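Observations on the model geometry
Residues per chain are reported as follows:
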Amino acid sequence: MGIKVLLIAFIGFGGGITVGSGLVALITVLGIVPRLMQLSKTYRYIRGYELSIILGAVIGGWMNLRNASIGFPAFFLVPIGLFTGIFVGMLAAALTEVLNVLPILAKRVGFGEKIIIILMAIVLGKISGSLFHWMYYINH
């Protein structure tokens, strides 16, 4: 029994190292965090970005393994959700900016001058989809 547990622990640790290394390589090679800081003009908070990514991955992974949940009062959940959404949205925006997805899409569709319309469609679609999910699926 002890050998099986050690083997499973070793495989799990190796898998975690592999996935974590892939995530760090993706974030590093694409330059997501520097681009996010450039877009938001928050260069002085680089340690905060690094710490939030590391702690978010570690704490999120640990809580997922433990099937843990945190019970906050409703008035705490609104700002937490708002700041989480802002961070994830800005991280996604930095990723799409680094990959030049929007300019390529605008050129292919023929909306080169009207890229703000594409941006607003993406933002409004994400907001309405999230609201629909939370209002319909979560309450039913």
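Residues numbered from 1 in each chain as written. Predicted model: local features only at pLDDT ≥ 70, side-chain atom pairs only at ≥ 80, totals over all residues. Heavy atoms only, no water.

In the nomenclature of an unreviewed UniProt entry, the protein chain is known as Stage V sporulation protein AB of Fictibacillus halophilus.

Here we come to the overall build of the protein chain. Along the backbone of the protein chain there are six helices and zero strands. Ordered by position in the sequence, the α and β elements of the protein chain form the string α-α-α-α-α-α. In terms of C-alpha radius of gyration, the protein chain reaches 19 Å, well past the compact-globule figure of 14 Å for 140 residues. Seen along its three principal axes, the alpha-carbon backbone of the protein chain occupies a region of about 65 × 40 × 35 Å. For the protein chain, the proportion of its 140 residues judged to be buried stands at 9%. For the protein chain, the accessible surface area stands at approximately 11400 Å², while carbon and sulfur atoms represent 75% of it. (Helix = DSSP H or I, 4+ residues; strand = E, 2+ residues; numbered from the N terminus. Rg over C-alpha atoms; globule rule 2.2 N^0.38 Å. Buried < 20%, exposed > 50% of the residue type's maximum accessible area, 1.4 Å probe, protein only. Areas by Shrake-Rupley, 256 points an atom, 1.4 Å probe, with all protein chains shown as cover.)

Take the UniProt feature "transmembrane region" (unreviewed entry) in the protein chain next. The residues that UniProt annotates with the feature "transmembrane region" (unreviewed entry) are residues 6-33, 45-64, 70-95 and 115-137. Taken end to end, residues 45-64 comprises 95% helix and 0% strand; its first and last C-alpha atoms sit 28 Å apart. Between the end C-alpha atoms of residues 115-137 there is a gap of 32 Å, over a span that is 100% helix and 0% strand. (UniProt positions renumbered as here; feature names shortened; annotations may be inferred.)

What follows deals with unusual backbone geometry. The phi dihedral of Lys41 is positive, around 55 degrees, even though this residue is not glycine. Position of Lys41 relative to the elements: it lies in the loop between helix 2 (32-40) and helix 3 (46-66).

So, about the pattern of salt bridges. Tallied over the full model, the rule gives one salt bridge. Salt-bridge contacts for Glu50 lead to Arg47; the nearest nitrogen and oxygen are separated by 3.0 Å. With Glu50 and Arg47 both in helix 3, this residue pair falls three residues apart, about one helical turn. Among the residues examined, Glu50 registers a relative accessible area of 33% and is labelled partly exposed. (Salt bridge = Lys/Arg side-chain N within 4 Å of Asp/Glu carboxyl O.)

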